[in-house]
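The primary structure of each chain is shown beneath.
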Amino acid sequence: MSCVTLDAKTEAAKLVQDYFKSQLSRAASAKPLLDLMLSSSENRPILFILHERMINLPPQVMPPLLRMLLAEVEETLAETSAPAPTHALFFSRAFSADALDEGRGDSNEADDTGNDEEPSGLAGARKRKASGKHAHPVDAANAALGRQVHNKKRPGVTNEHDDGLGSFHPEDEFIREAATHSYTFRFPAPRDASETFEPPLYGRILAVPYTKMPAVLERLLEIWPAPA
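Since the model is a prediction, treat every value here as computed from it, not as a measurement.

(A) Structural context of the pairing of strand 6 (residues 201-209). For strand 6, the buried fraction is high: eight of the nine residues fall into the buried class. Across six bridges, the pairing between strand 5 (residues 181-186) and strand 6 is antiparallel. By the bridge assignment, Ser-182 is partnered in strand 6 with Leu-206.

What follows is the structure, given as structure tokens:
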């Protein structure tokens, strides 16, 4: 786990900024997050936290790493008298939770409109969410970790963050709950996607107020406490 301030005059910071701006400039719904990133400055820095651990590593390793990283950031701020970041920025990967539903798309049954073609991607996820037929992201995350999933579909949706997509990293679901800005976009499909089975993958950009990071860390430690 590492971090970089987006206003830093480094090639790494510029690459991150350019990539995020290229994605956030494509949709009107991403404008609040784009405006937040553009407001980043030396006096109002935004901290990009990179935590791309391998998905076959248990989520229990993440809270201690985040705790050490935040402690190092605080030490640096105290030593340099630099202004604290306004937000912590996270990049998360997600996939369609409905990929867990074996046989989806193989049925010839038509919907209420007589159309047997179900929309794919985010449109399909939103449609299934509205009818309560989509797989829950928590179940999708457990499946990504190789855990048994007993209930792939859950009736009723009360979580505003439940968009029918599952996070590769379960901790991202809790980080997302603390985010004030969020944007999800589709990764381009591989060139041979039409010839092979290629489940749709998505990217999420999350902005969490830096003052909320201690609470986020505490929440993660409650869920995945350090071994006794």
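Back to the write-up after that little detour.
(B) Spotlight on the side chain of Ser-92. Take Ser-92: it is sitting in strand 3 (residues 87-96). Residue Ser-92 is classed as buried on the basis of its relative accessible area, which comes to 2%. At a separation of 2.9 Å, a polar atom in the side chain of Ser-92 contacts the side chain of Asp-172.

(C) Structural view of a nonpolar patch on the surface. A cluster of nonpolar side chains, contributed by Met-1, Met-54, Leu-57, Val-61, Leu-65 and Met-68, occupies part of the molecular surface with about 510 Å² of accessible area. On the secondary structure map, Met-54 appears in the loop between strand 2 (46-50) and helix 3 (62-80).

(D) Molecular detail of the pattern of salt bridges. Evaluation of the coordinates by the stated rule reveals three salt bridges. Linking Asp-18 and Lys-14 is a salt bridge whose minimum nitrogen-to-oxygen distance equals 2.8 Å. Of this pair, Asp-18 and Lys-14 are both found in helix 1 (residues 11-24), four residues apart, which corresponds to roughly one turn of the helix. Judged by relative accessible area, which is 37%, Asp-18 ranks as partly exposed. Here Arg-204 ties to Glu-173 by a salt bridge, and the two come within 3.8 Å at their closest N and O atoms. Highlighted residues: Arg-204 in strand 6 and Glu-173 in helix 6 (residues 171-177), separated in sequence by 31 residues. Residue classification places Glu-173 among the buried residues on the basis of a relative accessible area of 14%.

Calculation notes
- Residues numbered from 1 in each chain as written.
- Predicted model: local features only at pLDDT ≥ 70, side-chain atom pairs only at ≥ 80, totals over all residues.
- Heavy atoms only, no water.
- Buried < 20%, exposed > 50% of the residue type's maximum accessible area, 1.4 Å probe, protein only.
- Helix = DSSP H or I, 4+ residues; strand = E, 2+ residues; numbered from the N terminus.
- Pairing = 2+ DSSP bridges.
- Polar contact = N/O pair within 3.5 Å; in protein donor to acceptor, adjacent residues only side chain to side chain.
- Patch = residues over 30% accessible without salt bridge, like charges linked within 9 Å, V, L, I, M, F, W, Y side chains within 5 Å.
- Areas by Shrake-Rupley, 256 points an atom, 1.4 Å probe, with all protein chains shown as cover.
- Salt bridge = Lys/Arg side-chain N within 4 Å of Asp/Glu carboxyl O.

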